[in-house]
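Fold and contact review
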Amino acid sequence: MSETARGRILERLRSASVGAQRAERGAQVKQPKRSRDERVVRLRTMMEAVRTEFLEADRESWPSTVLAFLVSIGAKRVLHGANLFSVAPPDSAAVELVPYDKPIEEWKTDMFSNIDAAITTTRGGIAETGTLILWPSPDEPRLMSLVPPVHVALLDTNKIHDTFADVMRDENWAAGMPPNALLISGPSKTADIEQTLAYGVHGPKRLIVVLVS
Amino acid sequence: MDGLIGKRAVQFPDQEEWAALRARGAEARARALANLPDLLIRLEARCRANGMEVHWAETTEEANEEVLAILNRRGAKHVVKGKSMVSEEMHLNDFLESHGIESLESDLGEYIIQLDHETPSHIIMPAIHKNRKQIARLFGEKIRAAKYTEDVDELTGIARRVLRRKFEEADAGVSGVNFAVAETGTLFLIENEGNGRMSTHVPPVHIALMGIEKVLERLEDVPPLLTLLTRSATGQPISTYLNMITAPRSRDEKDGPREVHLVILDNARSRIYADPELRTTLRCIRCGACMNHCPVYTRVGGHAYDAVYPGPIGKILTPQVEGLAHRHDLTHASSLCGACVEVCPVQIPISSLLIRLRKEASSGGVVKGAGEGRTRAEAFTWAVWKRIHASPPAYRVVSWLATRLGRFVPAVGPLKAWTTVRTKPRFAHKTLHELTREEGVPDV
Amino acid sequence: MARPDSVYFFGTCLVDLFYPQAGLAAIRLIQREGVRVIFPQGQTCCGQPAFNSGYQDDARAVARKQIALFPGDLPIVVPSGSCAAMMRHHYPALFEGEADHAAAAAFASRICELTQFLTTLGIELRDRGEPVKVAWHASCHAMREMGVGDEPKSLVRQLSNVELLELSRERECCGFGGTFSVRYPEISAAMVSDKAADVVATGAQELLSADCGCLMNIAGALGAKGVPLRARHVAEFLWERTRER
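The rules we used
- Residues numbered from 1 in each chain as written.
- Chains lettered and ligands numbered in written order.
- Predicted model: local features only at pLDDT ≥ 70, side-chain atom pairs only at ≥ 80, totals over all residues.
- Helix = DSSP H or I, 4+ residues; strand = E, 2+ residues; numbered from the N terminus.
- Rg over C-alpha atoms; globule rule 2.2 N^0.38 Å.
- Contact = placed C-beta atoms within 7 Å.
- Buried ≥ 20, exposed ≤ 12 C-beta atoms within 10 Å, placed from the backbone.
- Axes fitted to C-alpha atoms, helices over the stretch in contact; angles between N-to-C directions.
- Parallel < 35°, antiparallel > 145°, perpendicular 65-115°, else oblique.
- Nonpolar A, V, L, I, M, F, W, Y, C, P; charged D, E, K, R; others polar.
- Pairing = 2+ DSSP bridges.
- Core = buried A, V, L, I, M, F, W, Y, C linked by C-beta atoms within 7 Å.
- Expected span 1.5 Å × (residues − 1).
- pLDDT = per-residue confidence, 0-100.

1. Considering the overall build of chain C
Secondary structure assignment for chain C yields 13 helices and 8 strands. For 245 residues, the compact-globule estimate of 2.2 N^0.38 gives 18 Å, and chain C sits close to it at 18 Å. Expressed along its principal axes, the backbone C-alpha trace of chain C runs to roughly 55 × 45 × 25 Å. Considering only residue pairs separated by 6 or more positions, chain C has 78% of its internal contacts joining residues 24 or more positions apart.

Right under this line is the structure:
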């Protein structure tokens, strides 16, 4: 059925291709040119406008900053990627660190029910729209930024690009996309009831960006 | 809709930027359509190389059968759905239910209307016709252990609790597609809630449904269209999530679906494609701005159109899909004010297409059911109108009579409809022709 | 556009039958600027009613007669944004593939909307009237097809005794839409009722517009509500307030 359908659809499209209408290519939309610091400010402003929270840290101190935050919100079990910590994180009696080290099928219910937060890295950010770029990987799988109610994302302030178009071009995404790539611009939200904004409908209720510089 | 109109306006403060951006958006969509058959073949090849399976369907019946076959192969009984207007075209939920498969909408708005056995009244905000009291009652009645609340956060929390369990237990997820990029074989899904990601990443099987027109040539075509879509739709600079799916779970990945299926549906689109003017209908990126700005839609609501796609885009799409014989009335449900044309981010000339379809209905043409909207009475009326207005002497007699006797015409027929809320138009005592002659205004 | 010595005037059928004083006022305003106005007596209608209803052949037959009445290259001034848009933007498409397409396109390019034309003439208006508050209805086709922006309001603002009040939804359609108003009377009624309420809420004593379809629609709704508010074509208003007595 599918093959016949394919043939018929393509045949109809091909027989119609003459007289194809083309639109004028629009002028390049003027690009903002922001300095590194301006990009950080822009990203933060845009994301805070949609209830994203921010922490600041440096390359050495972030684990203790993040753990202190997790303790403060009462997170008990915290998911992280297998290679997140280059050195052992500080011991905390209050927080159990759970590495994502087995296929989801082996612990789906546990993940849905018993994980309070997840910590992930990011590939970078986009200043224009206030956006995190994540390319989930075997180390940091797709569901980490989705299922736990709190998502803590580490963002290297040197990796904030101006626009989505910039990062696609500069990193040559067209050469090869990962199985899944994500832009995340805040905690999950909806306005489906009376156009009233509500956060945390299906994905994380809280998104915390840790600016690492 | 005033709120949405305002929010959109705030997002496009600079008219020059708006003009340049929509020109880019229109160009990307027009270029994709100009190369549609080639791009579909390239998309299919890339998706297959990436490990997806690709299926084609000419009709919604075929698409339903394809989906059912995929689900049956896996013995899937519970399906969660992200928002998909193509699935609404297919009436997929009803179809699956009739085959003993639960198909649950997970977008909050879609979930609400599915609970009440309704269809969406807006393509972006499906439950916009319901207020919180109605939703509170609905949840109280239909959801076990849900306490009655009119608090939006609490209502959202109830839906979250119910649907999380469903995501966890689902055998398959179904989604729509916002853009499919041929260059890389990547499916783009735009959403705020995260239910789309839940539906496409948690269950072992993901089935993505797209119309043949959704393809884009290059990755670089996405950023301008993404920003046009989210700003036009809800006045957001960007959606919370952009989910880019290029492949099923790879060997080393620990989650993600093991199978990704792309179902490419025609459903009359290739017929629309045949005509270069009507083809512009297929540029649509489903932002809903035309609805939000339509003075008719905002007064009658989405259900009044009795169609999958309401509002201005529905008025041009539905008659082309379902045929003019039954649906040409939709093309007349417009004052041709052009508010939709003004805000369309991909420059679809909706007003011109409405006129074109009216012409097809009355005078024949290429659209299904062309000529079947013609009535003798109407054709006769316009023939008489032409006789009068194409003949200066005839017009002179008729306009003289109208200005002398017109006020005695009783309010019947169209005039009756007119006078329900208006006074009768008053003819002048003399025509402008007469006044100019009296004033000595030269006629050559 | 260079200032012409002469122009044609296309009155439109609605002005002819219902608002001839508006047409005459427009002609006088142009004449007062030293421009000769020619009014071909054979003119009838631009053809829009049939065109918008899908009866293109009938519309074209009528359009063809109009085109023949306006030879040469003088501008053709139209006191209606909607009719002007029909002739300027839709005639070329209407005559696509016809032997006289070039003539139709040339005719179309000469069409000027009245308030835009008066603005290019650099008209200066001296108010001789009593203080009055007016509201402006911007018609859809004037705005969106003819690109009429601030021109008519600027003309009104030249009048020192006139206070111009803004509608809260200036850009929204009044619900006329030609046959739409009788094919979908309930929807059209809802739209015009909202528009009338908007007009009343401004506190204006008069409503001005440059489109007689809208004017007839809104005036009819105001009249049915018994609102003592006058609705006039802007040309008539400008002429009445500035003419020497």
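Once you've had a look at it, read on.
2. A few points about the overall build of chain A
Along the backbone of chain A there are 5 helices and 12 strands. Here the C-alpha radius of gyration of chain A, 21 Å, is well above what a compact globule of 213 residues would show, namely 17 Å. Counting across all 213 residues of chain A, residues that qualify as buried make up 45%.

3. A closer look at the packing of helix α15 (residues 311-322) of chain B against helix α16 (residues 324-332) of chain B
Residues and elements named next belong to chain B. With their axes 8 Å apart at the nearest point, α15 and α16 run at an angle of 170° to one another. If you check the angle between α15 and α16, you find them roughly antiparallel. Where α15 approaches α16, its residues Lys-315, Thr-318, Pro-319 and Glu-322 are matched on the opposing element by Leu-324, His-326, Arg-327, His-328, Leu-330 and Thr-331. Across the contact of α15 with α16, the residue classes break down as 3 nonpolar, 4 polar and 3 charged.

4. Considering the interface of chain B and chain C
The partner chain C presents 57 residues to the 53 residues of chain B that form the contact. Within the residue set of the side of chain B that touches chain C, elements represented by two or more residues are α14 (297-300), α17 (339-343), α18 (350-363), α19 (376-389), α20 (392-405), α21 (414-418) and α22 (432-439) of chain B. With 6 residues, the single largest contributor to the side of chain B that touches chain C is α18(B). The class makeup of the residues in the side of chain B that touches chain C is 29 nonpolar, 14 polar and 10 charged.

5. Remarks on the interface of chain A and chain B
Listed as interface residues are 68 residues of chain A and, on the opposing side, 81 residues of chain B. Within the residue set of the side of chain A that touches chain B, elements represented by two or more residues are α1 (2-16), α4 (108-114), α5 (164-170), β9 (180-184) and β10 (189-190) of chain A. Top element by residues in the side of chain A that touches chain B is α1(A). It accounts for 10 residues. Pairing of β9(A) with strand β9 (residues 241-245) of chain B involves 5 bridges; the strand directions are antiparallel.

6. Re the pairing of strand β7 (residues 206-209) of chain C
All names here are of chain C. In the sheet, strand β5 (residues 132-137) pairs with β7 via 4 bridges, with the strands oriented parallel. Looking at β7, one finds that Val-134 is bridged to Glu-206. Of the pairings in the sheet, the one linking β7 to strand β8 (residues 230-233) comprises 4 bridges and is parallel in character. Note that in β8 the partner of Glu-206 across the bridge is Arg-230.

7. A short note on the environment of A:Thr131
Examined against the element boundaries, A:Thr131 turns out to sit in strand β6 (residues 131-134). For A:Thr131 and A:Met46, which are 85 residues apart along the polypeptide, the C-alpha to C-alpha distance reads 8.3 Å. Sequence-distant contacts of A:Thr131, defined by excluding residues within four places in its chain, comprise A:Gly125, A:Ile126, A:Leu183, A:Ile184, A:Ser185 and B:Ile238.

8. Describing the sheet that holds strand β1 (residues 53-57) of chain A
Residues and elements named next belong to chain A. Taking strand neighbours across the sheet as the criterion, the 6 strands line up as β1-β12-β7-β4-β2-β3 in an open arrangement whose pairing is parallel. The open sheet is flanked by β1 and β3 (96-99), the only strands paired with a single partner. Each adjacent strand pair in this sheet contributes to an overall mean axis angle of 25°, direction not counted. Running at roughly 160° to strand β12 (residues 206-212), helix α3 (residues 62-72) makes contact with β1, β2 (77-80), β4 (117-121), β7 (150-156) and β12 of the sheet.

9. Points about the sheet that holds β6(A)
Spatially, β8(A)-β5(A)-β6(A)-β9(A)-β9(B)-β6(B)-β5(B)-β8(B) is the arrangement adopted by the 8 strands of the open sheet, whose pairing is mixed. Looking at the sheet topology across the chains shown, the edges are occupied by β8 (160-161) of chain A together with β8 (215-216) of chain B. The strands touched by helix α11 (residues 222-234) of chain B within the sheet are β5 (179-181), β6 (186-191), β8 and β9 of chain B, with β6(B) carrying the most contacts at an inclination of about 20°.

10. Quick look at the nonpolar core
By size, the foremost hydrophobic cluster in this structure holds 274 residues, and its most contacted members are A:Val210, B:Val79, B:Leu209, C:Val77, C:Val78 and C:Ile218. The element best represented in this core is helix α12 (residues 212-224) of chain C, accounting for 8 residues. Those residues in contact with C:Ile218 that lie beyond four places of it in its chain are C:His137, C:Cys174, C:Val192, C:Lys195, C:Ala196, C:Val199, C:Leu207 and C:Ala231.

11. Observations concerning unusual backbone geometry
A positive phi is found at B:Leu336, a non-glycine position, where the angle reads about 55°. Checked against the element boundaries, B:Leu336 lands in the loop between α16 and α17.

12. Quick look at the packing of α19(B) against α20(B)
All names here are of chain B. Where α19 meets α20, the closest approach of the two axes is 6 Å, and the angle between their N-to-C directions is 105°. Viewed along their axes, α19 and α20 adopt a mutual orientation that is roughly perpendicular. Contacts from Arg-387, Ile-388 and His-389 in α19 reach Ala-394, Tyr-395 and Val-398 in α20. The residue makeup of the contact of α19 with α20, split by class, is 4 nonpolar, 1 polar and 1 charged.

13. Observations regarding the pairing of strand β1 (residues 53-57) of chain B
All names here are of chain B. Among the 5 residues in β1, 4 count as buried, and that is most of the element. Relative to strand β10 (residues 259-265), β1 runs parallel, the two being bridged by 5 bridges. Note on β10: the bridge partner recorded for Trp-56 is Ile-264.

14. Points about the arrangement of the chains
Looking across the 2 pairs of chains in contact, one finds the most contacts between chains A and B. Without any contact between them, chain A and chain C keep their closest C-alpha atoms 15 Å apart.

15. What about helix α2 (residues 36-48) of chain A?
Residue and element names in this part refer to chain A. An ideal rise of 1.5 Å per residue puts 18 Å on 13 residues; α2 measures up with 18 Å between its terminal C-alpha atoms. Buried residues of α2: Arg-39, Val-40, Arg-42, Leu-43, Arg-44, Met-46 and Met-47, and no others. Considering only its buried residues, α2 is in contact with β1, β5 (124-126), β8 and β12.

16. So, the confidence of the model for chain C
Detailed reading of the predicted model is not advised wherever pLDDT is low. Across chain C, the average pLDDT comes to 97, with 100% of residues at or above 70. Here the predicted complex scores 0.95 on pTM and 0.97 on ipTM.

17. Considerations on α11(B)
All names here are of chain B. Between its terminal C-alpha atoms α11 stretches 18 Å, which fits the 18 Å expected from 13 residues at 1.5 Å a residue. Burial analysis of α11 places 13 of its 13 residues in the buried class, which makes it a mostly covered element. Two residues or fewer after α11 comes Gly-235, characterised by a positive phi angle close to 70°.

18. What to know about the environment of C:Asp194
Along the chain, C:Asp194 turns up in helix α11 (residues 185-202). Counting along the chain gives 129 residues from C:Asp194 to C:Lys65, while the straight-line C-alpha distance between them is 38 Å.

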